[in-house]
Amino acid sequence: MKKHLLAWAVTALAASSAFAQAGDTLAKIKASGSVSLGVRESSGLGYTLGNGKYVGFHTEMGEIVLADIQKQLGLPKLEVKYQPVTSQNRIPLVQNGTVDLECGSTTNNATRQKDVSFAVTTYVEEVRIAVKANSGINAIKDLNGKNVATTTGTTSVQTLRKNERAGGIDFKEVYGKDHADSFLLLESGRADAFVMDGSILAANISKSKNPADFKIVGEVLSVEPIACMLRKDDPAFKKAVDDSIKRQIADGSLAKLYDKWFMQPIPPANVKIGLPISDATKAAWAAPNDKPMEDYAVKK
């Protein structure tokens, strides 16, 4: 009996892998009755409450996408497996079939589009600088000689270095293993600034012991489209994901979801992030597209 079970497990695993390799995620989901959703543990768009519970704007939106796909496939039940991902491993885990859909805080850019596909943009991020309120830092020029925190595997400090106002500015990079760790570097004084997506900065500040001790300052360093990520060369799955997101935009449910996670008190501390929807995000919803970051320009 055990040999039969082992043979079945090997066959199922091989079939799942074959579906992933063939770019047929919908067939994989239908055959297995399960799907893997890539989630973040400390992002502004998705985070964990502990005990395997993942929440947030992008996490809940991803769950709704998968519920729509369940209906499309006529499945009476769909098991959603939550797979925490980091900035470093998210792309490999999508590529190798471990994660079917990643709805975290991933920037859609031209380099990444060579390795993965992106759904239509659901959030347009502005990269900013968080500092202690009493730091005296108000702009890029004030970072000279300072320690600047960023999260390993992200592009934020590269973006800072490329900014025209960063010429002649000399600062040292210090790395956090994830966004919570990077914020801790700022909070503990080991970093003078934390450069990252505005939503991530605002979320970490709202969850800190004394939110008034921090502020977001300086120029907008870049404008980046954030989108759910999926495997390349799987047009049927991409269409299913995009159709669900477009439906959520059209019926107003995505706007309600945004209000829930950014403008209302959220767990675990029941504190508001207080980040109104930006004009750039509204524009992305008005004309859904999967254009990479390179097609966006900072409005000065």
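Everything that follows concerns the structure shown earlier in this document.
Note that the coordinates shown come from a computational prediction; the quantities given were computed from them, not determined experimentally.

About the thresholds
- Residues numbered from 1 in each chain as written.
- Predicted model: local features only at pLDDT ≥ 70, side-chain atom pairs only at ≥ 80, totals over all residues.
- Heavy atoms only, no water.
- Helix = DSSP H or I, 4+ residues; strand = E, 2+ residues; numbered from the N terminus.
- Buried < 20%, exposed > 50% of the residue type's maximum accessible area, 1.4 Å probe, protein only.
- Contact = heavy atoms within 4.5 Å.
- Axes fitted to C-alpha atoms, helices over the stretch in contact; angles between N-to-C directions.
- Left-handed = near helix turned anticlockwise from the far one by under 90°.
- Nonpolar A, V, L, I, M, F, W, Y, C, P; charged D, E, K, R; others polar.
- Pairing = 2+ DSSP bridges.
- Salt bridge = Lys/Arg side-chain N within 4 Å of Asp/Glu carboxyl O.
- Phe/Tyr/Trp six-rings, centres within 6.5 Å; stacked < 30°, edge-to-face > 60°.
- Lys NZ or Arg CZ within 6 Å of the ring centre and 35° of its normal.

Draft legend 1. Inspection of the environment of Val148 at higher detail. Mapped onto the elements, Val148 comes out in strand β8 (residues 147-151). In this structure Val148 comes out as buried when scored by relative accessible area, which is 0%. In this structure the C-alpha to C-alpha distance between Val148 and Ala227, which are 79 residues apart in sequence, comes to 26 Å. Once residues lying within four places of it in the same chain are set aside, the contact partners of Val148 are Leu143, Val157, Leu160, Phe171, Lys172, Glu173, Val174, Ala193 and Val195.

Draft legend 2. Spotlight on the packing of helix α3 (residues 57-73) against helix α9 (residues 253-263). Contact pair α3 / α9: the axes reach a minimum separation of 9 Å and the direction vectors enclose 145 degrees. Crossing hand, α3 versus α9: right-handed. Residues Phe57, Glu60, Met61 and Ile64 of α3 touch α9, and the partners they reach there are Leu254, Leu257, Tyr258, Lys260, Trp261 and Phe262. Class assignment for the residues of the contact of α3 with α9 results in eight nonpolar, no polar and two charged.

Draft legend 3. The environment of Ser244, seen in detail. With respect to the helices, strands and loops of the structure, Ser244 is situated in helix α8 (residues 235-250). Sequence separation between Ser244 and Leu66 is 178 residues, and the spatial gap between their C-alpha atoms is 8.5 Å. With near-sequence residues (within four places) excluded, Ser244 lies in contact with Ile64, Val65 and Asp68.

Draft legend 4. Up close: the sheet that holds strand β7 (residues 123-132). One open sheet holds the five strands; their spatial order is β9-β8-β10-β7-β11, and the pairing between them is mixed. In this open sheet, the two edge strands, each paired with only one partner strand, are β9 (172-176) and β11 (214-226). Looking at each pair of strands side by side, their axes are set apart by 25 degrees on average, direction ignored. Looking at chain direction, β8 and strand β10 (residues 193-197) are connected through two bridges and run parallel. For Ala149, the partnering residue across the bridge sits in β10 and is Phe194.

Draft legend 5. Representation of the pattern of salt bridges within the structure. Going through the model one piece at a time under the given rule, you end up with 11 salt bridges. Residue Arg165 pairs with Glu219 through a salt bridge whose shortest N-O separation is 3.9 Å. Of the two residues, Arg165 is situated in the loop between α5 (156-162) and β9 and Glu219 in strand β11; the sequence distance between them amounts to 54 residues. Residue Arg165 is classed as partly exposed on the basis of its relative accessible area, which comes to 34%. The shortest N-O distance in the salt bridge between Asp251 and Arg247 comes to 2.8 Å. Here Arg247 falls in the partly exposed class, since its relative accessible area comes to 34%. Residues joined by salt bridges that share partners form a network here, namely Lys28, Asp100 and Arg231.

Draft legend 6. Focus on the pairing of strand β2 (residues 47-50). As paired strands, β2 and strand β3 (residues 53-55) are joined by three bridges and run antiparallel to one another. Residue Tyr47 lies in a different strand from β3, and its bridge partner there is Val55. Connecting β2 to the next strand, β3, in antiparallel fashion are two residues, including Asn51 with a positive phi near 55 degrees.

Draft legend 7. Inspection of the packing of aromatic side chains at higher detail. With the rule as written, the count across this model stands at eight aromatic pairs. With a centroid separation of 6.3 Å and 85 degrees between ring planes, the pair formed by Tyr47 and Trp261 is classed as edge-to-face. On the criterion of sequence distance, the pair formed by Tyr47 in strand β2 and Trp261 in helix α9 is long-range, its members being 214 residues apart. Here Tyr47 falls in the buried class, since its relative accessible area comes to 5%. By way of ring pairs, the aromatic residues Phe57, Tyr123, Tyr258 and Phe262 are connected into one cluster. Taking the ring centre of Phe171 as reference, the NZ or CZ of Arg161 above it sits at 4.2 Å. Note that Lys207 overlies the ring of Tyr47, its terminal NZ or CZ placed 4.6 Å from the centroid.

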